[in-house]
Amino acid sequence: MTSFERRLNTQTIQRTLSNGHATLRGLLGRWMPAGDGTAGGAFVVRRLRTAIRGDYLNFYLAGQSIAKVEVPVRSGPIRIKVHEKYLDDKALGDRYLEPPHTAERGDIDCWIGNAAPRCGLEKRFVDEVLSQNPDVIDVEMALPGQTALRMDIVALEKAGDGWQLVFWEAKLATNAEARARAEPKVLNQRQRYLDWLAVPGNAETGLDAYRRSCVLLVELHALAQDVNPGIGALGEGIRAVAGGAGLTLLNDIRLLVDARGDTAKFVENGHLQKLEERGLPVHMVKSAEDLVLQVPTCA
């Protein structure tokens, strides 16, 4: 079962970096925090996003998990695991292997190169959105107890004197889950989220986890600066919540639709209207300017 608890030990990461762990240094050196402003997303420059889980980090290339960095809560060495298909593009198995801690820069670039052809258009769209929104704090977020239910984007937005946590589901306008003659599947995804949120204690559990995530991101960013002094800054909201600013949770999800190549059909065929009539807040991306997350007009 997925847990929201955040127990990442950044002291162990610091100690490992000080001991010259080349693979960890290489991964952190390729971390591109959200809000970099890169046209087309970090994917086009082969840089990685990172997400904090329970006691490990995931490094992603447009939705493909390049490496999982397991960090012991108390003592012991970190373990880095990479799917064998990224270590060797001819591999046919489904194992996660541990490369040597001395993996060179070219090795990691090779993993990224092997992963790039597997990055789907929808995940590359999500990566573009990250480039334009510095307060995205998580991707591929799995809800505890909800098998295969993941939120594509978790972001902070200003709310009064504090900040609000917002979950976004991203779809291409051509994705059948967002357009259907009957009931679009994305509405079922939304209901499953609302059902999870209705369970007593779940909302506060999520808030506690992301308050902790903000603190850990600030700590991790400081360590990454030693590896890559030119790393981009973290978002204002991440730094504010890490410093104790108030945090609330939006009691719904929002849908983000990439309609840059199919805007007219998505609207004219009634797909947008159907979603809005059922109360689902939808933000349509019709141009590059729309990649900046906004409160949907129907929210």
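Summary of the structure given here. The shown structure was predicted, so the numbers you read here are calculated from the model rather than taken from an experiment.

**Comments concerning the sheet that holds strand E7 (residues 150-159)**
The strand order across the open sheet built from 5 strands is E6-E7-E8-E9-E10, with neighbouring strands paired in mixed fashion. Looking at strand neighbours, the two that pair on one side only are strand E6 (136-142) and strand E10 (282-285), the edges of this open sheet. Across the sheet, the axes of successive neighbouring strands diverge by a mean angle of 30°, strand direction being ignored. Summarising the sheet, strand E9 (residues 247-258) and E10 pair through 4 bridges and their orientation is parallel. Opposite aspartate 258, over in E10, you have valine 285 as the bridge partner. Seen against the sheet, helix H6 (residues 185-198) touches strand E8 (162-172) and E9 and runs at an angle of roughly 170° to E9. Taken strand by strand, helix H7 (residues 202-227) contacts E6, E7, E8 and E9, and its axis lies near 80° from that of E9.

**Quick word on the layout of surface pockets**
Its boundaries defined by the atoms lining it, the largest pocket holds a volume of some 650 Å³. Along the walls of the largest pocket sit 29 residues, with Arg53, Tyr56, Asn58, Tyr60 and Arg150 positioned nearest its centre. The set of elements that each furnish at least two residues to the lining of the largest pocket consists of strand E2 (56-61), strand E3 (64-70), strand E4 (79-83), helix H3 (84-87) and E6. The greatest single-element share of the lining of the largest pocket, amounting to 5 residues, is contributed by E3. In terms of residue class, the lining of the largest pocket is built from 10 nonpolar, 8 polar and 11 charged.

**Notes on the packing of helix H1 (residues 10-18) against helix H2 (residues 22-29)**
To describe two helices that pack against each other, one gives the angle between their axes and the distance between the axes. The contact between H1 and H2 brings their axes to 8 Å, and the two run at 115°. What the angle tells us is that H1 and H2 run roughly perpendicular. Seen along the crossing, H1 lies across H2 with a hand that is left-handed. Note on element contacts: H2 touches H1 through Leu24, Arg25 and Leu28, opposite Ile13, Thr16 and Leu17. Counted by class, the contact of H1 with H2 contains 4 nonpolar, 1 polar and 1 charged residues.

**Let's talk about empty space enclosed by the protein**
By the definition in use, this model includes 2 cavities of 30 Å³ or more. Looking at the largest cavity, its volume works out to about 140 Å³. As for the largest cavity, its lining consists of 17 residues, and the residues nearest its centre are Trp31, Pro33, Ala34, Thr50 and Val136. When residues of the lining of the largest cavity are traced back to their parent elements, those giving at least two are strand E1 (49-52) and E6. In terms of residues, the lining of the largest cavity owes the most to one element, E6, which gives 4 residues. Here the residues of the lining of the largest cavity are counted per class, giving 13 nonpolar, 2 polar and 2 charged.

**Notes on the sheet that holds E1**
What the 5 strands build is an open sheet, ordered E1-E2-E3-E4-E5; its pairing is antiparallel. Edge positions in the open sheet fall to E1 and strand E5 (96-97), since each of these has one partner strand only. Of the pairings in the sheet, the one linking E1 to E2 comprises 4 bridges and is antiparallel in character. Residue pairing in the sheet places arginine 49 in a bridge with tyrosine 60 of E2.

Criteria and thresholds
- Residues numbered from 1 in each chain as written.
- Predicted model: local features only at pLDDT ≥ 70, side-chain atom pairs only at ≥ 80, totals over all residues.
- Heavy atoms only, no water.
- Pairing = 2+ DSSP bridges.
- Helix = DSSP H or I, 4+ residues; strand = E, 2+ residues; numbered from the N terminus.
- Axes fitted to C-alpha atoms, helices over the stretch in contact; angles between N-to-C directions.
- Contact = heavy atoms within 4.5 Å.
- 1 Å grid on protein atoms, 1.4 Å probe; cavity = no way out; pocket = protein on both sides within 12 Å on 5 of 7 lines; lining within 4 Å.
- Points joined across faces, edges and corners; volume = space filled by probe spheres on them.
- Nonpolar A, V, L, I, M, F, W, Y, C, P; charged D, E, K, R; others polar.
- Parallel < 35°, antiparallel > 145°, perpendicular 65-115°, else oblique.
- Left-handed = near helix turned anticlockwise from the far one by under 90°.

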